[in-house]
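Each chain, written out:
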Amino acid sequence: MCLQDSESVPVPQETVEDVVDHKVLMQEALQEAKQSPPKPSNFCVGALLVDLETGEVLSRGYTLEVEGNTHAEQCCLIKFAQAHDLPEERVGEVLPSNTAIYTTMEPCNMRLSGSLPCVDRIIRTKTKDGAAAIKKVYLGVQEPEKFVGENQGRAKLQEHGIECIHVPGLEEEILKVATAGHQK
Ligand code: HJL
Ligand code: ZN
């Protein structure tokens, strides 16, 4: 192919997402998880909301950070919503349209407490034009089958067009932190 030809071929622009280091972000989520108070009846999880256009971390959260029986993903959403004077269920109105959530453990689809699962919190997070604001979920480990059996969350998220991507390499430490409050 001559140079002229190759110059006329449109080359897709590298997006920030291509250069975002998923493992570094998962390590940051793990730092959040380490701040969660160990408890026998849940997992200590950490999460981040990230703008995939700029790579900016928009919000951070860990299990039980916000008052009440709160999950890491829920805390991220609540904190970003509060910073914009909105209730959690309207957070999508102020999130960038290409937001990802990084979470050390896949979002829950059922909770023993009966609270709204994080999968549903993520799915309901819509931009003003009704599109999903959270387009991708990067997860460090699947949920161990300790409290609610097999977590069907990934399938439900994917059904709603939300991609779930496993970030490998930190599983051992993530599980150690997640189960810190469990009887050995
Ligand atoms: C995720 C969290 C957290 C869990 N999972 N992804 N983030 N704690 O912050 C999942 C586990 C539930 C139990 C108990 N944990 O937490 O299944 O009391 O913690 O509502 O089912 O339910 P509650
Ligand atoms: Zn949850």
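Our subject is the structure that appears above.
Since we're looking at a predicted model, the values are computed, not measured.

Conventions and cut-offs
- Residues numbered from 1 in each chain as written.
- Chains lettered and ligands numbered in written order.
- Predicted model: local features only at pLDDT ≥ 70, side-chain atom pairs only at ≥ 80, totals over all residues.
- Heavy atoms only, no water.
- Donors = N, O, S within 2.8 Å, 3.2 Å for Na, K, Ca; no water.
- Helix = DSSP H or I, 4+ residues; strand = E, 2+ residues; numbered from the N terminus.
- Buried < 20%, exposed > 50% of the residue type's maximum accessible area, 1.4 Å probe, protein only.
- 1 Å grid on protein atoms, 1.4 Å probe; cavity = no way out; pocket = protein on both sides within 12 Å on 5 of 7 lines; lining within 4 Å.
- Points joined across faces, edges and corners; volume = space filled by probe spheres on them.
- Nonpolar A, V, L, I, M, F, W, Y, C, P; charged D, E, K, R; others polar.
- Core = buried A, V, L, I, M, F, W, Y, C linked by side-chain atoms within 4.5 Å.
- Contact = heavy atoms within 4.5 Å.
- Pairing = 2+ DSSP bridges.
- Axes fitted to C-alpha atoms, helices over the stretch in contact; angles between N-to-C directions.
- Expected span 1.5 Å × (residues − 1).
- Arc of directions from axis to C-beta.

1. Quick look at the coordination of the zinc ion (ligand 2)
Here is step 1 of the chain: For the zinc ion (ligand 2), the full set of protein donor atoms is His-71 (ND1), Cys-108 (SG) and Cys-118 (SG), at a range of 2.1 to 2.3 Å.
Here is step 2 of the chain: Donor residues for the zinc ion (ligand 2), ordered by position in the chain, follow H-x36-C-x9-C. Of this pair, His-71 sits in the loop between β2 (57-62) and α4 (72-83) while Cys-118 sits in helix α5 (residues 118-123), and the two are 47 residues apart along the sequence.
Here is step 3 of the chain: Overall, the relative accessible area of 17% leaves His-71 in the buried class.
Here is step 4 of the chain: The buried category is assigned to Cys-118, whose relative accessible area is 1%.

2. Quick notes on the layout of surface pockets
Here is step 1 of the chain: Its boundaries defined by the atoms lining it, the largest pocket holds a volume of some 330 Å³.
Here is step 2 of the chain: Lining of the largest pocket is provided by 21 residues; of these, Ser-41, Asn-42, Phe-43, His-71 and Arg-111 occupy positions nearest its centre.
Here is step 3 of the chain: Its residues placed into classes, the lining of the largest pocket shows ten nonpolar, six polar and five charged.

3. Focus on the nonpolar core
Here is step 1 of the chain: With 44 residues, the main nonpolar core has Met-26, Leu-49, Leu-95, Tyr-102, Val-137 and Leu-157 as its most contacted residues.
Here is step 2 of the chain: Broken down by secondary-structure element, the contributors of at least two residues to this core are α3 (22-33), β1 (46-51), α4, β3 (99-105), α5, β4 (134-141) and α7 (171-178).
Here is step 3 of the chain: Ignoring anything within four residues of it in the chain, the contact list for Val-137 reads Ile-101, Thr-103, Pro-107, Ile-122, Leu-157, Ile-162, Glu-163, Cys-164 and Ile-165.

4. Comments concerning the sheet that holds β1
Here is step 1 of the chain: Sheet architecture is open: five strands sit in the order β2-β1-β3-β4-β5, paired in mixed fashion. With partners counted over all chains shown, the strands left at the sheet margins are β2 and β5 (163-166), one partner each. On average, adjacent strands in this sheet sit at an angle of 20 degrees to one another, irrespective of strand direction.
Here is step 2 of the chain: Direction of pairing for β1 relative to β2: antiparallel, over a ladder of five bridges. In the sheet register, Ala-47 faces β2, and the bridge partner there is Gly-61.
Here is step 3 of the chain: Its contacts with the sheet put α3 on β1, β2, β3 and β4, and the angle it makes with β1 is roughly 140 degrees.
Here is step 4 of the chain: Sitting on the sheet, α7 touches β3, β4 and β5, and the angle it makes with β4 is about 85 degrees.

5. Focus on the environment of Met-26
Here is step 1 of the chain: If you trace the backbone, Met-26 turns up in helix α3.
Here is step 2 of the chain: Met-26 gets classed as buried once you look at its relative accessible area, which sits at 0%.
Here is step 3 of the chain: Along the backbone, Met-26 and Leu-170 are 144 residues apart, and their C-alpha atoms lie at a distance of 8.0 Å.
Here is step 4 of the chain: Excluding its chain neighbours within four sequence positions, the residues that come into contact with Met-26 are Tyr-102, Thr-103, Thr-104, Tyr-138, Leu-139, Gly-140, Val-167, Leu-170 and Ile-174.

6. Quick notes on α3
Here is step 1 of the chain: Given a rise of 1.5 Å per residue, twelve residues ought to cover 16 Å, and the 16 Å separating the end C-alpha atoms of α3 matches this to within 8%.
Here is step 2 of the chain: For α3, the complete set of buried residues consists of Leu-25, Met-26, Ala-29, Leu-30, Glu-32 and Ala-33. Seen from one end, α3 has its buried residues packed into an arc of 150 degrees, which puts them on one side.
Here is step 3 of the chain: Elements in contact with the buried residues of α3: β1, β2, β3, β4 and α7.

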